[in-house]
Amino acid sequence: MNIVSLQLIYQYARDKNVTDFLLLTARPLYPAKDLKEKPMASRAPRENIDESTLTVTKPKSKAVGLPAVTNALKISLEQMGPLRSVQTLLAVNQVDGFDCMGCAWPEHDKRHTAEFCENGAKAVAEEATRRRVTPEFFASHSIAELKTRDDYWLGQQGRLTHPMLLDEGATHYRPVEWDDALELIAQEIRDMDSPDQAVFYTSGRTSNEAAFAYQLLVRGVGTNNLPDCSNMCHESSGSALVETIGIGKGSVSLKDVETASLIFVAGQNPGTNHPRMLSSLEKAKKNGAVIVSVNPLPEAGLLKFENPQNVVGMMVGTELTDDFLQIRAGGDQALFQGLGKYLLEAESAGRTSPGLRTVFDHDFISKHTVGLDAYVKQLEDVAWEDILEATGLTMEQIEATGERLLASKATIVCWAMGLTQHKHSVPTLRDVVNVLLLQGNIGKPGPESAPSAGIPMSRATAPWAFSSKCRRSSTTGWTKSSNSSPPGPTATIPSQPSGRCGTARSGFSSGWAATLCGRPRL
């Protein structure tokens, strides 16, 4: 942030009476007598959230900006106090610092001083909080009482100071020494008939470094039972991508995103869940990219982004989404089948795409894919009326999006849990890849599939990172200039025919969403 930004934030904070916030942002600019010193973190909440006081306001039309900065630093000061807030936040996502546990969005080689978002600041604040949960806390709170507390209250109490043990039949946790706790765990492992009887779980709050060391320990024990939050979030992505392109994770770089011609943001709310993605979308937009948002609900961050890293960004903002497709929940597979069908009809009509002799990239398809005929037959058989009913979109919307694809020379599809958490998620993602393969949008600068979500530890423990036989660099052989075969499995169009999307007329359970398309292979 520059000095103008700090002055604007200072004025905003004074107007809102956020005195804690001034400690961090205004100290270099204003005398200490204007500030109220607060050396320690604030007390943890004493009561559950009173939901009767919650209100519903009008939808927002923009996100981030000064309110996000103010709230992030306010929470940091509440949890960590001023000194630790400065020390910690300035190290987040820095080369000589640590990766934020808020999301997995990568960084450029050149980092901002404040290389974090509001969510990241909150996540770091809860990890580095000065609040402490001592043995006295558990002596005063029984298991029965703790069960009456909401998740927010429990999470806000602070960090444990001792290992705690719940004996069989006991009403309270009791403290134990570290050596005793470790010996208890070790003995439980020794007493198993097989290491596979144990399950070792990690969450997204685990750092990459800790998760990597953890999985080495577990594999040393003799099992790969390492479920983690990436299983719940992106197991379907790994399954679909391994089946289709031979690598279980998206491999786009920040440069790819920021130089793409067309970006689909499907089934995700970056402004809410991983706001740092908005900075890259802003750069892409300024470089001429078209952004299509696919979601049942419009998200403020994708409508307008106020970038707090510069004055213009905060005061003016950037409108990100060019087209918003308000799709029915679960209708994404039908949408991408419809886009594939539109490309097929454009190909049959003799139309072209930038850099190609026709709509399809036939050189890429012939060298690097199999199964095109089966996919074309599937697209020919699916009816437009079924696609429209399953998606809830109009034919004009799908045609306009199809024209976006025809005009694009580099297309990226970003998705998250809105696509991965359905019963038909794997077929859906196969259809996403199928559309990308038609125009050769795999393995060349700019495009590729890009599953993105808040899973910072997936690079360390995700099962497909170890089970796949393909090297991480497997997509390098997919460029049209290469004469070598791809080192991973050949891409398929499709890997398995996905089948038509379910609609009310098809007799499926939901008349308003495509909830039973294809058969997932999890």
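Model, not experiment: these values are computed from the prediction.

Colleague: Give a detailed account of the overall build of the chain, specifying residues and quantitative values.
Modeller: Of regular secondary structure, the chain possesses 25 helices and 14 strands. Buried positions account for 50% of the 522 residues belonging to the chain. Taking contacts inside the chain between residues at least 6 apart in sequence as the whole, the part at least 24 apart equals 77%.

Colleague: If you had to explain the nonpolar core to someone new, which residues and values would you point to?
Modeller: Counting 47 residues, the largest nonpolar core has Phe 264, Val 294, Leu 335, Leu 339 and Leu 343 as its most contacted members. When sequence neighbours within four positions are dropped, the list of residues in contact with Leu 339 reads Phe 264, Ile 398, Thr 401, Gly 402, Leu 405 and Val 435. Counting 18 residues, the second largest nonpolar core, distinct from the first, contains Ile 263, Ala 284, Ala 289 and Leu 302.

Colleague: An account of the sheet that holds strand S8 (residues 304-306) is needed here, citing residue identities and associated values.
Modeller: Overall, mixed pairing links the three strands, which are arranged S1-S8-S9 in an open sheet. Every other strand in the sheet has two partners, leaving strand S1 (63-64) and strand S9 (318-319) as the edge strands with one partner each.

Colleague: Go over helix H19 (residues 372-381) with me, naming the residues and quoting the values.
Modeller: By the burial criterion, the buried members of H19 are Leu 372, Tyr 375, Val 376, Gln 378 and Leu 379. Looking straight down H19, one finds its buried side chains confined to an arc of 160 degrees; they lie on one side. Where H19 is buried, its residues contact helix H17 (332-348), helix H18 (362-368), strand S11 (369-370) and helix H23 (425-438).

Colleague: Explain the packing of H19 against H23 to me, using residue names and the numbers behind them.
Modeller: The N-to-C vectors of H19 and H23 enclose an angle of 110 degrees; their axes lie 12 Å apart at closest approach. Comparing the axis directions of H19 and H23 gives the class roughly perpendicular. Crossing of H19 against H23: the hand is left-handed. Here Leu 372, Tyr 375 and Gln 378 of H19 lie close against H23, whose contacting residues are Asp 431, Asn 434, Val 435 and Leu 438.

Colleague: So, the confidence of the model for the chain: which residues are in play, and what are the values?
Modeller: In the predicted model, the chain carries a mean pLDDT of 77, and the fraction of residues at 70 or more is 77%. Low pLDDT, under 50, characterises residues 1-39; the predicted model gives this stretch 61 contacts beyond four residues in sequence or across chains. Confidence over residues 451-522 falls short of pLDDT 50; this stretch has 223 contacts with residues more than four positions distant or in other chains.

Colleague: Please set out the side chain of Thr 244 residue by residue, giving values where relevant.
Modeller: Relative to the elements of secondary structure, Thr 244 occurs in helix H11 (residues 229-245). Using a relative accessible area of 0% as the deciding quantity, one classes Thr 244 as buried. A distance of 2.8 Å separates a polar atom in the side chain of Thr 244 from the backbone oxygen of Ala 240.

Colleague: Let's hear about a nonpolar patch on the surface: which residues, and what values?
Modeller: A grouping of Ile 49, Leu 54 and Tyr 152 is seen on the molecular surface, where their side chains present a nonpolar patch of about 310 Å² in accessible area. Its location among the elements puts Tyr 152 in helix H8 (residues 151-156). Judged by relative accessible area, Tyr 152 falls into the partly exposed class, the value being 42%.

Colleague: Break down the packing of aromatic side chains for me, with residues and values.
Modeller: Evaluation of the coordinates by the stated rule reveals five aromatic pairs. Plain terms: the ring middles of Phe 200 and Tyr 214 are 6.2 Å apart, the flat faces sit at 70 degrees to each other, and that makes the pair edge-to-face. With a gap of 14 residues between them, Phe 200 in the loop between helix H9 (178-190) and helix H10 (208-221) and Tyr 214 in helix H10 connect regions that are remote in the sequence. Since its relative accessible area comes to 13%, Phe 200 is described here as buried. Across the ring face of Trp 153, the terminal group of Arg 149 is positioned such that the distance to the ring centre comes to 4.3 Å.

Colleague: Account for H23, with residues named and values stated.
Modeller: For H23, built from 14 residues, the straight-helix expectation of 20 Å at 1.5 Å per residue is met to within 8% by its first-to-last C-alpha distance of 20 Å. Gly 440, located one to two residues past H23, shows a positive phi value of around 70 degrees.

Colleague: Give a description of unusual backbone geometry that names residues and reports values.
Modeller: Of note, the phi angle at Asn 93 is positive, near 60 degrees, even though the residue is not glycine. The residue Asn 93 is located in the loop between helix H4 (82-89) and helix H5 (118-127) in this model. Look at Asn 93 and you get buried, because its relative accessible area is 2%.

Colleague: Break down the pattern of salt bridges for me, with residues and values.
Modeller: Per the stated rule, a full pass over the model turns up 16 salt bridges. Notably, a salt bridge pairs Arg 149 with Glu 47, separated by 3.9 Å at the nearest N-O pair. Taken as a pair, Arg 149 in the loop between helix H7 (143-146) and H8 and Glu 47 in the loop between helix H2 (19-25) and S1 lie far apart in primary sequence, 102 residues in all. A relative accessible area of 18% means that Arg 149 is categorised as buried. For Glu 47, a relative accessible area of 59% puts it in the exposed group. With its nearest N and O atoms 3.2 Å apart, the salt bridge here joins Glu 118 to Lys 122.

Colleague: Hey, could you go over the pairing of strand S12 (residues 411-415) for me, with residue numbers and the actual values?
Modeller: Burial analysis of S12 places five of its five residues in the buried class, which makes it a mostly covered element. On S12, burial covers both faces: Thr 411, Val 413 and Trp 415 on one face and Ile 412 and Cys 414 on the other are all buried. Bridge analysis of strand S6 (residues 262-266) against S12 gives five bridges, and the strand direction is parallel. Paired with Phe 264 across the strands is Val 413, a residue of S12.

Colleague: Break down the environment of Gly 267 for me, citing the residues and quoting the values.
Modeller: Relative to the helices and strands, Gly 267 resides in the loop between S6 and helix H13 (270-273). When its relative accessible area of 10% is taken as the criterion, Gly 267 is described as buried. Along the primary structure Gly 267 and Cys 414 are separated by 147 residues, whereas in three dimensions their C-alpha atoms are 8.4 Å apart. Ignoring sequence-local partners within four residues, the contact set of Gly 267 consists of Val 294, Asn 295, Ala 416, Met 417, Gly 418 and Leu 419.

What counts and what doesn't
- Along each chain, residue indices are assigned from 1 in the same order as the chain's sequence is written.
- pLDDT decides what is reported in this predicted model: residues at 70 or higher carry local features, side-chain atom pairs at 80 or more are listed and counted, and totals for whole chains, interfaces and linings draw on all residues regardless.
- Processing note: side-chain calculations cover all non-hydrogen atoms of the structure and skip hydrogens and water entirely.
- Here a helix means four or more residues in a row that DSSP labels H or I, a strand means two or more in a row labelled E, and each is numbered from the N terminus.
- Buried residues are those whose accessible area, probed at 1.4 Å on protein chains only, stays under 20% of the maximum for their type, while exposed residues exceed 50% and partly exposed ones sit between those limits.
- Any pair of residues with heavy atoms lying within 4.5 Å of one another is described as a contacting pair.
- Here, the term nonpolar core denotes a set of buried Ala, Val, Leu, Ile, Met, Phe, Trp, Tyr and Cys residues that are joined through side-chain atoms within 4.5 Å.
- The rule for pairing is simple: two strands pair if DSSP sees at least two bridges between them.
- Note that the arc is defined by the directions from the helix axis to the C-beta atoms.
- Fitted lines through C-alpha atoms serve as axes, helices being fitted only where they are in contact, and the angles separating the N-to-C directions of these axes extend from 0 to 180 degrees.
- Roughly parallel here means an angle under 35 degrees, roughly antiparallel means over 145, roughly perpendicular means 65 to 115, and every remaining angle is called oblique.
- Left-handed is the label given to a crossing in which the near helix is rotated counterclockwise from the far helix by less than a right angle, and right-handed is the label when the rotation is clockwise.
- Looking at any residue, its pLDDT shows the predictor's confidence there, from 0 to 100.
- Residues adjacent in sequence count toward polar contacts only when both atoms are side-chain atoms; beyond that, a polar contact is any pair of N or O atoms within 3.5 Å, and within protein one must be able to donate a hydrogen and the other to accept it.
- A patch consists of residues whose relative accessible area exceeds 30% and which take part in no salt bridge; residues with like charges are grouped when within 9 Å of each other, and nonpolar side chains (Val, Leu, Ile, Met, Phe, Trp, Tyr) when within 5 Å.
- Per-residue and other accessible areas follow the Shrake-Rupley method at a 1.4 Å probe size, with only the shown protein chains counted as cover for residues.
- By definition here, a salt bridge exists when the distance from a side-chain nitrogen of Lys or Arg to a carboxyl oxygen of Asp or Glu is within 4 Å.
- Only the six-membered ring of Trp is used, alongside the rings of Phe and Tyr, when aromatic pairs are assigned; centres must lie within 6.5 Å, and planes under 30 degrees apart are stacked while those over 60 apart are edge-to-face, with the rest tilted.
- For a Lys NZ or an Arg CZ to count as sitting over a ring, it must be within 6 Å of the ring centre and within 35 degrees of the ring normal.
- One less than the residue count of a helix, multiplied by 1.5 Å, gives the span that helix is expected to have.

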